[in-house]
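# Coordinate inspection notes
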2 protein chains.
Amino acid sequence: MSDDIRLNNQLCFPLYALSRQITGFYRPLLEQLGVTYPQYLVMMVLWEMESTSVKQLGQMLWLDSGTLTPLLKRMEASGLIARERSLEDERSVIVSITDKGRLLEREAEKIPTHIKCRLKMSDYEIITLRDHLKKILETTLESE
Amino acid sequence: MSDDIRLNNQLCFPLYALSRQITGFYRPLLEQLGVTYPQYLVMMVLWEMESTSVKQLGQMLWLDSGTLTPLLKRMEASGLIARERSLEDERSVIVSITDKGRLLEREAEKIPTHIKCRLKMSDYEIITLRDHLKKILETTLESE
DNA sequence: CCAATTTTAATTGTGCACAATTATTTTACA
DNA sequence: TGTAAAATAATTGTGCACAATTAAAATTGG
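A quick note: this is a predicted structure, and the numbers were derived from the prediction, not measured.

## Considering the pattern of salt bridges
Residues and elements named next belong to chain A. Taken as a whole and judged by the stated rule, the model has 14 salt bridges over all chains. The residue Arg102 makes a salt bridge to Asp99 at a minimum N-O spacing of 3.0 Å. One end of the pair is Arg102 and the other is Asp99, both in helix 5 (residues 99–108) and three residues apart, which spans about a single turn. A cluster of three or more residues bridged by salt bridges with shared partners is formed by Glu50, Asp99 and Arg102.

Structure follows, in structure tokens:
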């Protein structure tokens, strides 16, 4: 019998565990800002882009409307974003940042440093691993 | 303003995305066995150990009783495991594999090969990355 | 021995993920 | 132009994750 079936020999398990572990590092920091990790991802997009569509957001974060719609409604309720149907295409919903959302960027500034500190990895190691993971993502996406 | 706040410069995002991507590769394969990915993790433990406690399971998978209790109840309902209070320590719940659970191992045998195929990575690359992630997990755990 | 503390699961409540379906709008094209 | 097909969100339903609380059993210290 192959050892491939053993928990400790799998790639996916440490990936899954580390992903949860690191989002756990974010949690207390993000809690102070009143957002969750997936909501923080949306904010990062909007801090760069000011506004985007649900579809684009889904493509960037690889999340579907089943996840995004309720998440964005919660963010709208907390005043960080606005949602409105596009005038050019009524199927599309435009998500845009509010003043409150823009202000949050200042408060979030120190988060990356805090996380880096928890990771106990050199900048080089972080960048190398990040780019490796991104490369695997791109490669596996092609085959879908 | 630091670029650390940009989505594409973060380590956690590709980690989070790749973890979901790969569990997505497992989904159709595991669906045929009637289990989810977290349930498959439990089965992998039981294929090795035959029986264990909820506490031990939680330590191995880094999941708490809030996640495990309902998950194990669903697995009990589908006949893969049994749950019973320990006689020595009534606080503890023993989770053990059933005949049906043991039979599932045969059906799961080809899964690792399928996943490897989807990953498009060499054995060396998989092992190296897996061990790297495990090392980061251990290191970050120490600091909790 | 007994009360205080600790350990272990279960429960409760919130928020993702994601498959499948539905509803609406837009596009293509005969 | 009018209708079939495609695109876009929303909805519905299931199953994790995880914090916080509760309940019961075991351990410890006096």
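## Section: the interface of chain B and chain A
Where interface size is quoted, it is often the accessible area lost as the parts come together. Taken residue by residue, the interface counts 58 residues in chain B and 58 residues in chain A. Summed over both sides, the interface of chain B with chain A buries roughly 5,900 Å², with 67% coming from carbon and sulfur. Counting across the interface, chain B meets chain A through 16 residue pairs in polar contact (both at pLDDT 80 or more). Those elements that provide at least two residues to the side of chain B that touches chain A are helix 1 (12–33), helix 2 (37–49), helix 3 (54–61), helix 5 (99–108), helix 6 (111–119) and helix 7 (123–142) of chain B. Looking at the side of chain B that touches chain A element by element, the count peaks at 14 residues for helix 1 of chain B. Looking at the side of chain B that touches chain A, its residues break down into 35 nonpolar, ten polar and 13 charged.

## Quick word on the packing of helix 1 (residues 12–33) of chain A against helix 1 of chain B
Closest axis-to-axis distance for the helix 1 of chain A/helix 1 of chain B pair is 9 Å, and the angle between their directions is 140°. In terms of orientation, helix 1 of chain A and helix 1 of chain B fall into the oblique class. Judged by the twist between their axes, the crossing of helix 1 of chain A over helix 1 of chain B is left-handed. Residues Cys12, Leu15, Tyr16, Leu18, Ser19, Ile22, Thr23 and Tyr26 of chain A of helix 1 of chain A pack against Cys12, Leu15, Tyr16, Leu18, Ser19, Ile22, Thr23 and Tyr26 of chain B of helix 1 of chain B. In terms of residue class, the contact of helix 1 of chain A with helix 1 of chain B is built from twelve nonpolar, four polar and no charged.

## A look at the packing of aromatic side chains
Residue and element names in this part refer to chain A. Throughout the structure, instances matching the rule amount to 14 aromatic pairs over all chains. On the basis of an interplanar angle of 40° and a centroid distance of 6.3 Å, the ring pair of Phe13 and Tyr16 is categorised as tilted. Pair noted here: Phe13 and Tyr16 are both in helix 1, with a separation of three residues, about one helical turn. Each member of the pair Phe13 and Tyr16 is classed as buried.

## Considerations on the sheet that holds strand 3 (residues 93–97) of chain B
All names here are of chain B. The strand order across the open sheet formed by three strands is 1-3-2, and the pairing between neighbours is antiparallel. Each end of this open sheet is capped by a strand with a single partner; those strands are strand 1 (51–53) and strand 2 (81–85). When strand polarity is set aside, the average angle formed by the axes of neighbouring strands in this sheet is 25°. Examined bridge by bridge, strand 2 and strand 3 share five bridges and lie antiparallel to one another. Looking across to strand 3, one finds that Arg83 is bridged to Val95.

## Regarding the environment of Leu80 of chain B
Considering the arrangement of structural elements, one finds Leu80 of chain B in the loop between helix 4 (65–77) and strand 2. Ignoring anything within four residues of it in the chain, the contact list for Leu80 of chain B reads Val35, Met43, Met75, Ser96, Ile97, Thr98, Lys100, Gly101 and Leu104 of chain B.

## Describing the relation of the copies chain B and chain A
Each copy of the sequence occupies a distinct position, and chain B is placed on chain A by a rotation of 180° and an axial shift of 0.0 Å, giving an RMSD of 0.0 Å. The relationship between the two copies is best expressed as a two-fold rotation axis.

## Considering the protein's contact with DNA strand C
Lining the immediate environment of DNA strand C, one finds 28 residues, of which Thr36 and Arg74 of chain A together with Tyr16, Ser65 and Lys73 of chain B sit closest. The sugar-phosphate share of atoms of DNA strand C within 4 Å of the protein amounts to 79%. Taking Arg83 of chain B, its side chain carries an N or O atom lying 3.0 Å from a phosphate oxygen of DNA strand C. In this structure, Arg91 of chain B approaches DNA strand C through a side-chain N or O atom, which is 3.1 Å from a base oxygen. Within the residue set of the surface near DNA strand C, elements represented by two or more residues are helix 2 (37–49) and helix 4 (65–77) of chain A together with helix 1, helix 3, helix 4 and strand 2 of chain B.

Rules of the game
- Residues numbered from 1 in each chain as written.
- Chains lettered and ligands numbered in written order.
- Predicted model: local features only at pLDDT ≥ 70, side-chain atom pairs only at ≥ 80, totals over all residues.
- Heavy atoms only, no water.
- Salt bridge = Lys/Arg side-chain N within 4 Å of Asp/Glu carboxyl O.
- Helix = DSSP H or I, 4+ residues; strand = E, 2+ residues; numbered from the N terminus.
- Contact = heavy atoms within 4.5 Å.
- Buried area = accessible area lost by both parts, 1.4 Å probe.
- Polar contact = N/O pair within 3.5 Å; in protein donor to acceptor, adjacent residues only side chain to side chain.
- Nonpolar A, V, L, I, M, F, W, Y, C, P; charged D, E, K, R; others polar.
- Axes fitted to C-alpha atoms, helices over the stretch in contact; angles between N-to-C directions.
- Parallel < 35°, antiparallel > 145°, perpendicular 65-115°, else oblique.
- Left-handed = near helix turned anticlockwise from the far one by under 90°.
- Phe/Tyr/Trp six-rings, centres within 6.5 Å; stacked < 30°, edge-to-face > 60°.
- Buried < 20%, exposed > 50% of the residue type's maximum accessible area, 1.4 Å probe, protein only.
- Pairing = 2+ DSSP bridges.
- Least-squares fit on C-alpha atoms with pLDDT ≥ 70 in both.
- Near = heavy atom within 4 Å.

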